[in-house]
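Tertiary structure, described
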Amino acid sequence: MKKLPVICLLLVLVTACGPRELEPDAAIDCSNCDTWNAPIKPFRIYGNTWYVGTDGLSSILLETDEGLVLIDGALPQSASIIDSNIRELGFDPLNIKAILLSHPHFDHAGGIAALQRLSDATVYASDAAVPTLQTGEIPEDDPQFGFGPESTSFPASENVIGLADGDSVDIGGVKMTIVHTPGHTAGGASWTWQSCALNTCYNVVYADSLTAVSAPGYFYADGAAAEIVDSADRIAGLDCDILLSPHPFFFGLHDKIEKRDEGNPFINNVACLIYAESMLGWLEQRLDSERSRVPD
């Protein structure tokens with residue numbers, strides 16, 4: 001057998017062992033997708049907590065001594081933006097050790113599969129969300145199930161670990177605790193952790209969506225409304241200095257970016273209470289609408 005020259009062997013090794021690149025899944029088409037997926041420059045929120053998502057869908061990066069943690073992956077087509085944003089901040093996406101999920105809908109879980117393939121990260125979610133993540137198909141009890149699989153499916157993930165309420169993921173000294181907050185969907189979860197800088201630590205809450213959004217014919221009054229009320233109460237009661245959420249609109253991302261020269265506008269110890277109250281306001285409007293659809 002003819003031996004290859006040393007330089008050829010080196011080229012083969014470089015090609016085979018070179019840096020992995022993101023392989024995105026097929027884009028999802030929806031009425032809000034282009035607006036949601038508009039790029040935005042990544043930035044530090046506080047301490048080890050960074051925003052790496054898109055203009056309309058949050059993705060949060062946590063820096064630890066033993067690697068990176070990512071919260072939410074937005075749309076399938078958002079994965080490349082998240083990957084680029086992480087690199088722009090000087091981090092390596094291959095160092096993502098864990099990906100945490102808020103809830104298993106296509107606009108928050110859609111990009112996770114591609115980012116997991118890139119990094120070999122373990123995915124953590126509420127135990128109720130695991131089957132949806134593993135199949136990419138939402139269950140029949142999901143308020144949005146009636147839209148059909150062509151509108152709700154997303155790429156499935158592997159190596160998914162389900163967590164009970166109050167369980168934690170601890171990586172590099174950063175402890176991220178899951179708080180089950182169902183209602184928007186049964187597998188919904190919020191996450192809490194501490195972020196520190198210059199010997200000052202703040203409690204960060206990534207509060208899951210609690211909006212009463214559903215396919216036609218679904219009635220929140222049949223049960224999910226009570227879950228939203230309970231989940232809003234849980235979020236309102238959390239130790240909360242910095243509020244983040246899957247849709248940046250709900251924590252006023254753009255207004256806060258404009259005010260960063262005036263101090264850190266993300267620090268607000270009543271933000272979770274205000275968020276919970278706003279979600280209950282949305283729910284009350286939805287229930288009023290449902291009552292008007294029910295004949296006397």
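You'll find the structure just up there.
Now for a description of the structure that goes with this document. Small disclaimer: the values here were computed from a predicted structure and weren't measured. (Residues numbered from 1 in each chain as written. Predicted model: local features only at pLDDT ≥ 70, side-chain atom pairs only at ≥ 80, totals over all residues. Heavy atoms only, no water.)

The next thing to look at is unusual backbone geometry. With a phi angle near 50°, Asn159 is a residue other than glycine that sits in the positive phi range. According to the relative accessible area criterion, Asn159 is partly exposed, its value standing at 45%. (Buried < 20%, exposed > 50% of the residue type's maximum accessible area, 1.4 Å probe, protein only.)

The sheet built from seven strands is open, its strands ordered 1-2-3-4-5-6-7 with mixed pairing. Taken across any chain shown, the strands that pair with only one partner, and hence form the sheet edges, are strand 1 (43–46) and strand 7 (160–163). For this sheet, the mean inter-axis angle between neighbouring strands, taken without regard to orientation, is 25°. In the sheet, strand 5 (residues 96–100) pairs with strand 6 (residues 122–126) via three bridges, with the strands oriented parallel. Bridge pairing in strand 6 links Ile99 to Val123. Docked against the sheet, helix 5 (residues 112–119) engages strand 4 (67–71), strand 5 and strand 6, running at close to 160° with respect to strand 5. (Pairing = 2+ DSSP bridges. Helix = DSSP H or I, 4+ residues; strand = E, 2+ residues; numbered from the N terminus. Axes fitted to C-alpha atoms, helices over the stretch in contact; angles between N-to-C directions. Contact = heavy atoms within 4.5 Å.)

Before going further, it helps to spend a moment on empty space enclosed by the protein. Scanning the entire structure with this criterion turns up one cavity of 30 Å³ or more. Approximately 30 Å³ is the volume attributed to the largest cavity. In terms of lining residues, the largest cavity is bounded by Pro104, His105, Phe106, Ile138, Gln144 and Thr152. When grouped by side-chain class, the residues that make up the lining of the largest cavity number three nonpolar, three polar and no charged. (1 Å grid on protein atoms, 1.4 Å probe; cavity = no way out; pocket = protein on both sides within 12 Å on 5 of 7 lines; lining within 4 Å. Points joined across faces, edges and corners; volume = space filled by probe spheres on them. Nonpolar A, V, L, I, M, F, W, Y, C, P; charged D, E, K, R; others polar.)

Another aspect to go through is a negative patch on the surface. The grouping of Glu140, Asp141, Glu227, Asp230 and Asp233 at the surface amounts to a negative patch. On the secondary structure map, Glu140 appears in the loop between helix 6 (130–135) and helix 7 (149–152). (Patch = residues over 30% accessible without salt bridge, like charges linked within 9 Å, V, L, I, M, F, W, Y side chains within 5 Å. Areas by Shrake-Rupley, 256 points an atom, 1.4 Å probe, with all protein chains shown as cover. Salt bridge = Lys/Arg side-chain N within 4 Å of Asp/Glu carboxyl O. Lys, Arg positive; Asp, Glu negative; His and termini not counted. Charge placed at Lys NZ, Arg CZ, Asp CG, Glu CD.)

A few words on the sheet that holds strand 10 (residues 189–197). Strand order in the open sheet formed by five strands is 8-9-10-11-12, and the pairing between neighbours is mixed. This sheet does not close on itself; its edge strands, each paired only once, are strand 8 (168–171) and strand 12 (242–244). Neighbouring strand axes in the sheet, compared pairwise and without regard to direction, differ in orientation by 20° on average. The pairing of strand 9 (residues 174–180) with strand 10 spans four bridges and is antiparallel. Across the sheet, Ile178 pairs through a bridge with Trp191, a residue of strand 10.

With that settled, the discussion passes to the nonpolar core. Membership of the largest hydrophobic core comes to 48 residues, with the highest contact counts inside it found for Ile60, Leu100, Met176, Trp191, Trp193 and Leu244. Among the elements that take part in this core, helix 10 (residues 271–293) stands out by supplying seven residues, more than any other. Setting aside residues no more than four positions away along its own chain, Leu100 makes contact with Val69, Leu70, Ile71, Asp72, Tyr124, Val169, Met176 and Trp191. Ranked by size, the runner-up nonpolar core spans 33 residues in total, among them Ile28, Phe91, Ala114 and Leu115. (Core = buried A, V, L, I, M, F, W, Y, C linked by side-chain atoms within 4.5 Å.)

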